[in-house]
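# Architecture and fold: a report
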Amino acid sequence: MTQLLCSLTGAGFLDIQFFDNLINEFSLDLDYENIIQEFWQTNINIFIYEAYEQVKNLFIEQNSEEIQKIIEKDPSEVDYQIFTNYCDSNLWFNNEEIETLFQYWREKIRN
């Protein structure tokens, strides 16, 4: 099965494992058919990007009050970056306090 996923997504085994861990860590539910229709591709980086978008939205939803206190504006306007490069992909927030809150929140989810 992993070989099939690697072939379909242009990814290696570690990239598929990274993506699977990301999905499981945050209990994400991606709409793969919709993503493929929107981007016309099955590249693993697109799936990783969309997963991190969900993670960002989940984090903001669950921490909106704390975020609003830090940035003093609508939490949905928080500055963030998503870098996708297979298993080197990452999500981070440009505000140091929000990034610290995100890392703390992420650790809570892992445990």
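Below you will find a few notes about this structure. Keep in mind that this is a model prediction, so the values were computed, not measured. (Residues numbered from 1 in each chain as written. Predicted model: local features only at pLDDT ≥ 70, side-chain atom pairs only at ≥ 80, totals over all residues. Heavy atoms only, no water.)

## Things to note about the packing of helix H3 (residues 32-39) against helix H4 (residues 44-62)
In the contact formed by H3 and H4, the axes pass within 11 Å of each other and the chain directions differ by 120°. With respect to H4, the axis of H3 lies oblique. Where H3 crosses over H4, the handedness of that crossing is right-handed. Contacts between H3 and H4 involve Tyr32, Ile35, Ile36 and Phe39 from the former and Ile46, Phe47 and Glu50 from the latter. (Axes fitted to C-alpha atoms, helices over the stretch in contact; angles between N-to-C directions. Helix = DSSP H or I, 4+ residues; strand = E, 2+ residues; numbered from the N terminus. Parallel < 35°, antiparallel > 145°, perpendicular 65-115°, else oblique. Left-handed = near helix turned anticlockwise from the far one by under 90°. Contact = heavy atoms within 4.5 Å.)

## Some points on the pattern of salt bridges
Taken as a whole, this structure holds four salt bridges when the rule is applied. Its salt-bridge partner being Glu25, residue Arg110 comes within 3.0 Å of it at the nearest N-O pair. Placement of Arg110 in helix H6 (residues 96-110) and of Glu25 in helix H2 (residues 13-26) is noted, with a sequence separation of 85 residues between them. Judged by relative accessible area, which is 45%, Arg110 ranks as partly exposed. Here Arg110 ties to Glu107 by a salt bridge, and the two come within 2.8 Å at their closest N and O atoms. Placement of both Arg110 and Glu107 in helix H6 is noted, with a separation of three residues, approximately one turn of the helix. Using a relative accessible area of 38% as the deciding quantity, one classes Glu107 as partly exposed. Within the structure, one salt-bridge network assembled from shared partners comprises Glu25, Arg106, Glu107 and Arg110. (Salt bridge = Lys/Arg side-chain N within 4 Å of Asp/Glu carboxyl O. Buried < 20%, exposed > 50% of the residue type's maximum accessible area, 1.4 Å probe, protein only.)

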